[in-house]
Amino acid sequence: MSFLRLCVPASVLVFALHAQTLERAEALWTQGRDREANDAFRAAVAANPKNPDYRVRWGRFFLESFQPKDAEALFKEALAIRKDHGGALMGLALVAAEGFDTRAAGFARRALTADPKLLEAQELLARLALEDNDHPRAIAEADKALAMSPDALDAMAIRATIDWLEDKPETPWLKRVMERNPHYGKAYETAGRFFVLNRRYEEGIRFYRKAVELSPELWSARSQLGINLMRLGHEDEARKHLEACFENGHRDPATRNTLKLLDSYANFETFKTENTILKLHKKESALLRPYFEGEMKRSISTFEKKYGLKLDRPVQVEVYPDHGDFEVRTLGMPGLGALGVTFGYVVAMDSPSGRKPGTFHWASTLWHEMSHVFVLAATKHKAPRWFTEGMAVHEETAVSPEWGDRLGPEVITAIREKKLLPVSDLDRGFVRPAYPAQVLVSYFQAGRICDYINREWGFAKLLAMMHDFGRGEPTARVVEKQLGISPAEFDERFLAALDAETRKTVTGFEEWSKRLKQVAALAREKRHEDVIREAAAIRDIYPEYVEPGSAYEFLAEAHLARNEKPAAMAELDRYARAGGRDPELLKKLAALLEEAGQKQQAADALERLNYIYPGDEELHGKLGALWLDAGNHDGAIREYRAALARAPIDPAAAHYNLARAYRAAKRDGDARDELLLALETAPGFRPAQKLLLELSK
């Protein structure tokens with residue numbers, strides 16, 4: 001719900017100033033009469049403008065009503081009245097904590113300084129330490145809370161959760177909680193939250209179930225139970241719990257949006273094989289199914305051999321053309337990339353149609369997430385985040401050096417400013433980033449660490465590390481055990497190797513940036529010879545830059561303007577091999593190759609585009625013709641079927657082309673069916689009539 005703080009008629013406000021008190025507002029809040037409570041808080045604040053306590057309580061009301069921005073504004077107003085107000089600082093700590101903001105711990109400590117008896121702040125510090133997977137610090141902070149109050153239930157819940165995370169079958173802390181409050185479901189809810197944050201979803205669900213059994217009206221736990229059941233594909237039970245929350249007034253964004261997403265599933269189709277489940281939107285399922293299903297099977301086969309692991313159930317992949325739906329699927333998860341997420345054996349990801357063409361390599365993302373499925377299964381979801389992400393980034397480029405993310409300007413800046421984290425602390429960069437680009441930088445660093453270990457020690461060491469993590473061993477111990485060096489020495493060696501790999505780009509970045517702008521200016525003036533000279537001089541300073549306006553693009557255009565087609569073709573080929581993804585540039589490369597008589601290479605160039613943006617209108621007809629000419633009949637059939645799925649302007653010709661591919665593959669019955677469909681659309685279409693006659697002989 002949304003409340004407006006200032007749009008109340010003056011006459012109503014004057015009356016309310018006399019009629020409402022803070023106690024009245026609190027009572028209405030407790031009764032769930034939120035609109036009346038909001039009006040009462042507004043009136044109480046207006047009547048007591050210099051009392052920060054009123055603003056703090058109103059802020060806590062907004063925070064509980066899922067309006068953190070309004071809450072934050074009120075806490076700041078309270079601090080403007082009294083700069084050391086413990087309650088206001090505590091409110092800001094809670095707002096920051098919900099957003100995994102690094103300022104949360106600082107606000108909590110300031111709140112404790114202002115009010116040393118503020119138990120809530122001390123318990124929050126314990127929770128924040130556990131979010132950072134720092135068990136010793138979390139224990140120390142929880143024990144401080146227990147020293148403040150032997151009835152600190154949330155501190156006991158943290159202690160119990162740590163025992164459970166460390167796979168201890170029993171914990172004395174749960175008994176202490178139950179002795180004080182036998183209906184305190186929040187203890188199990190706390191455990192559920194941390195198991196989910198550690199991607200141990202099935203265990204998290206079990207804890208949420210216990211929370212709801214103990215406290216059926218603990219709607220926050222029931223909502224999370226529903227959301228996580230949905231994450232694992234148990235949609236019917238998820239809906240039951242989420243609807244119960246909604247009907248009982250628990251209508252936070254996660255609950256509301258997840259219910260809307262469940263409703264949208266009527267627009268999806270599900271396709272099953274012996275080891276895959278693929279969920280696609282009806283409007284694009286015919287086009288995308290063969291590509292996604294093919295890559296799912298290829299990745300499963302590859303990883304089963306590479307990881308020595310046979311999955312015990314099918315992998316489900318959900319593909320969302322609406323990025324907003326994908327965001328709902330991942331709501332509340334820290335440190336996630338913006339393209340895909342893995343919940344055990346369930347993968348959710350963006351559709352290529354949900355992104356601007358050329359900005360998203362869907363196949364690379366799919367292999368990244370499929371790596372997560374295997375690593376999480378092999379380690380029982382216990383591997384640190386840096387390792388699972390690092391392995392996934394490593395696997396992207398293991399499939400093809402053209403895949404995966406490039407060395408971006410944000411990473412270059414982080415390397416230059418020495419912002420990379422020690423390997424033992426690298427998880428922090430994913431969960432609680434200290435600067436805006438740190439999650440992206442952490443993905444890069446984790447991937448390069450796995451590349452480095454693979455290169456220096458071999459893939460077998462990565463597998464050995466994976467199995468150690470599955471036994472719950474921490475990063476520092478695993479590095480020492482498997483690599484034979486201390487984490488500090490590993491960091492030193494890795495950073496030296498990374499420096500050697502990236503030094504030319506990092507040190508030359510400023511010069512490259514300046515000169516690329518000059519190249520762009522020369523291109524606008526059509527000074528093609530100067531463009532070629534200047535762009536060639538800087539291209540290899542930053543060869544991984546393949547975004548719009550790259551040196552490759554300027555060079556290709558200048559060479560084409562001078563009718564130097566072989567040189568243009570060479571630059572576009574360099575662009576593609578460096579990971580360039582612009583559909584128009586890749587199609588231009590294919591056209592030049594075909595014109596030069598290199599039809600196989602032209603087909604390969606267009607095949608790249610299927611992994612980037614299969615919705616391109618020109619792609620499938622051209623690639624189908626090239627594959628048919630090259631004798632790749634299965635490839636031609638796939639492409640002509642994709643062309644039909646795109647609802648072509650000339651369906652008769654599309655059916656005819658597919659019939660030609662079927663005939664070449666000696667599938668005459670399928671060819672005949674397509675010809676009849678062509679003639680249904682255009683009865684006088686002579687090529688179809690002729691081919692049908694030939695098939696009838």
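Trainee: I keep staring at unusual backbone geometry and nothing clicks. Help me out?
Mentor: Leaving glycine aside, a negative phi is the common case for residues, and trans is the common case for peptide bonds. Not every positive phi belongs to a glycine, and F66 is a case in point at roughly 65°. Along the chain, F66 turns up in the loop between helix 4 (52–64) and helix 5 (68–81). Here the phi dihedral of N563 falls at roughly 60°; this positive angle occurs in a residue that is not glycine. Residue placement: N563 occurs in the loop between helix 28 (551–561) and helix 29 (565–577). For N563, a relative accessible area of 57% gives the class exposed.

Trainee: How do you make sense of the side chain of R406 when you look at a structure like this?
Mentor: Of note, R406 is situated in the loop between helix 20 (385–399) and helix 21 (409–416). Buried charge without a salt bridge: R406, with E544 as the nearest opposite-charge side chain at an N-O distance of 4.7 Å. Here W403 takes part through its backbone oxygen, which lies 2.4 Å from a polar atom of the side chain of R406. Beyond its immediate stretch of four places on either side in the chain, R406 contacts T397, P401, E544, V546, A578 and G579.

Trainee: Honestly, the side chain of R200 in this entry has me stumped. Any pointers?
Mentor: Summarising the element assignment, R200 is placed in the loop between helix 12 (186–197) and helix 13 (201–214). Looking at R200, the relative accessible area reads 5%, which means it is buried. Excluding anything up to four places from it in sequence, R200 contacts W164, L165, D167, F195, K380, H381 and K382.

Trainee: What am I meant to see in the packing of aromatic side chains here?
Mentor: Centre-to-centre distance and the angle between the planes together describe a pair of aromatic rings. Taken as a whole and judged by the stated rule, the model has 37 aromatic pairs. Judged by centre distance (4.8 Å) and plane angle (45°), the rings of W164 and F207 are tilted. Of the two residues, W164 sits in helix 10 (residues 153–165) while F207 sits in helix 13, which places them 43 residues apart along the sequence. Accessibility expressed as a relative area gives 9% for F207, which makes it buried. Note on F509 and W512: the rings are 5.8 Å apart at their centroids and 25° apart in plane angle, and the pair reads as stacked.

Trainee: Sorry if this is basic, but what is going on with helix 10 here?
Mentor: The α-helix advances 3.6 residues per turn, and as a result positions three or four apart in sequence lie on the same side. Here helix 10 contains 13 residues, and its C-alpha end-to-end distance of 18 Å stays within 8% of the 18 Å for a straight helix at 1.5 Å per residue. Burial analysis of helix 10 places 12 of its 13 residues in the buried class, which makes it a mostly covered element. Listing the buried residues of helix 10 in full gives L153, A155, M156, A157, I158, R159, A160, T161, I162, D163, W164 and L165. Among the structural elements, helix 8 (119–131), helix 9 (135–148), helix 11 (172–180), helix 12 and helix 13 are those in contact with the buried residues of helix 10. At the exit of helix 10 stands D167, carrying a positive phi of roughly 65°.

Trainee: So what exactly am I meant to see when it comes to the packing of helix 34 (residues 651–664) against helix 36 (residues 686–696) here?
Mentor: Taken N-terminus to C-terminus, the directions of helix 34 and helix 36 make an angle of 25°; their axes are 10 Å apart at the nearest point. Taken together, the axes of helix 34 and helix 36 lie roughly parallel to each other. The two elements helix 34 and helix 36 cross, and the hand of that crossing is left-handed. Across from Y656, A659, R660 and R663 in helix 34, the residues of helix 36 making contact are P687, A688, L691, E694 and L695. Counted by class, the contact of helix 34 with helix 36 contains 6 nonpolar, no polar and 3 charged residues.

About the criteria used
Think of each chain on its own: its residues are numbered from 1, step by step along the sequence as written. Confidence filtering applies because this is a predicted model: local features only for residues at pLDDT of at least 70, side-chain atom pairs given and counted only at 80 or more, and all residues used for totals across whole chains, interfaces and linings. Hydrogens and waters are ignored; side-chain quantities use all the structure's heavy atoms. Helical segments are the DSSP runs of H or I of at least four residues, strand segments are the runs of E of at least two, and each set is numbered from the N terminus. Working definition: with a 1.4 Å probe on protein chains only, accessible area under 20% of the residue-type maximum means buried, over 50% means exposed, and in between means partly exposed. When charges are counted, Lys and Arg contribute as positive and Asp and Glu as negative, whereas His and the chain ends are disregarded. Take a side-chain nitrogen of Lys or Arg and a carboxyl oxygen of Asp or Glu: if they are within 4 Å of each other, that pair is a salt bridge. N or O atoms within 3.5 Å of each other form a polar contact, as long as, within protein, one can give a hydrogen and the other can take it, and as long as residues adjacent in sequence are counted only when both atoms are side-chain atoms. Should any heavy atoms of two residues lie within 4.5 Å, those residues are considered in contact. By convention, a stacked pair of Phe, Tyr or Trp rings (six-membered ring in the case of Trp) has centres within 6.5 Å and planes under 30 degrees apart, an edge-to-face pair has planes over 60 apart, and any other such pair is tilted. Expected helix span is taken as 1.5 Å per residue step, with the number of steps being one fewer than the number of residues. Comment: axis = line fitted to C-alpha atoms, over the contacting stretch for helices; angle = value between 0 and 180 degrees taken between N-to-C directions. Any angle that is under 35 degrees is reported as roughly parallel, and any over 145 degrees as roughly antiparallel; angles of 65 to 115 degrees are reported as roughly perpendicular and all others as oblique. With the far helix as reference, a near helix turned anticlockwise by less than a right angle produces a left-handed crossing, and one turned clockwise produces a right-handed crossing. Here the term charged refers only to Asp, Glu, Lys and Arg, the term nonpolar to Ala, Val, Leu, Ile, Met, Phe, Trp, Tyr, Cys and Pro, and the term polar to all other amino acids, Gly among them.

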